[in-house]
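Listed below, chain by chain, are the residues.
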Amino acid sequence: MGDGRVALRFRDKAFERDFIARVVSDGTIKMFAYLALLHDPDPHPLLCIEEPENHLYPTLLVILSEQFSQYASRRKDKGQVFVTTHSPDFLNEVELNSIYFLRKSEGFTKIRRASDDPQLQDLINEGDKPGWLWRQRLFGNIDPC
């Protein structure tokens with residue numbers, strides 16, 4: 001714009017006219033920002049995302065999880081995407097060998113890979129989803145309650 005501001009204009013086939021970001025939900029803006037970042041032609045070696053589930057409709061987490069995975073695999077040297085989440089819906093879309101959980105114990109933080117737990121691995125092999133297992137508190141003693 002003339003005064004130096006940037007205005008985002010959105011277009012959707014469901015609407016006859018374009019509309020500006022001011023009338024779009026926080027979730028739409030957030031998803032747009034993620035997709036713009038994830039389609040950068042020069043992906044970064046490490047991408048850190050904190051709680052992508054905030055402001056997003058749960059079914060969008062399926063798309064976002066797939067996009068994070070594709071982003072990581074686009075780099076020749078296998079980039080990494082580090083996501084922190086409290087969302088079982090998001091975890092349901094992630095492979096068990098890509099899930100790590102942190103637990104503070106005796107003044108130190110310990111990192112465990114979910115797929116190293118034989119019980120979790122067996123349950124996933126039987127058709128359970130990681131998010132369901134997390135809700136059942138099967139990811140070790142990590143629940144703050």
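Residues numbered from 1 in each chain as written. Predicted model: local features only at pLDDT ≥ 70, side-chain atom pairs only at ≥ 80, totals over all residues. Heavy atoms only, no water.

(A) Representation of the side chain of Gln67. Summarising the element assignment, Gln67 is placed in helix α2 (residues 60–74). According to the relative accessible area criterion, Gln67 is buried, its value standing at 15%. In this view, Gln67 contacts Leu35, Leu38 and His39; residues no more than four positions away in its chain are not counted. (Helix = DSSP H or I, 4+ residues; strand = E, 2+ residues; numbered from the N terminus. Buried < 20%, exposed > 50% of the residue type's maximum accessible area, 1.4 Å probe, protein only. Contact = heavy atoms within 4.5 Å.)

(B) Main features of the packing of aromatic side chains. In this structure the tally under the stated criterion is 3 aromatic pairs. Taking the centre distance of 6.2 Å and the plane angle of 65 degrees together, the rings of Phe68 and Phe90 count as edge-to-face. Taken as a pair, Phe68 in helix α2 and Phe90 in helix α3 (residues 88–91) lie far apart in primary sequence, 22 residues in all. By the burial criterion, Phe68 is buried, and Phe90 matches it. Seen in terms of ring centroids, Phe101 and Phe139 are 5.5 Å apart; in terms of plane orientation they differ by 70 degrees. Their pairing is edge-to-face. Taken together, the residues span a long stretch of sequence, with Phe101 in strand β5 (residues 100–105) and Phe139 in the segment after α5 (130–135) at a distance of 38 residues. Judged by its relative accessible area of 2%, Phe139 falls in the buried class. (Phe/Tyr/Trp six-rings, centres within 6.5 Å; stacked < 30°, edge-to-face > 60°.)

(C) View of the pairing of β5. Two strands pair when backbone bridges link them, and β5 and strand β6 (residues 108–113) are joined in this way by 6 bridges, in the antiparallel orientation. The partner of Phe101 across the bridge, within β6, is Arg112. In sequence, β5 turns back onto β6 through a hairpin of 2 residues, with Glu106 there showing a positive phi of about 55 degrees. (Pairing = 2+ DSSP bridges.)

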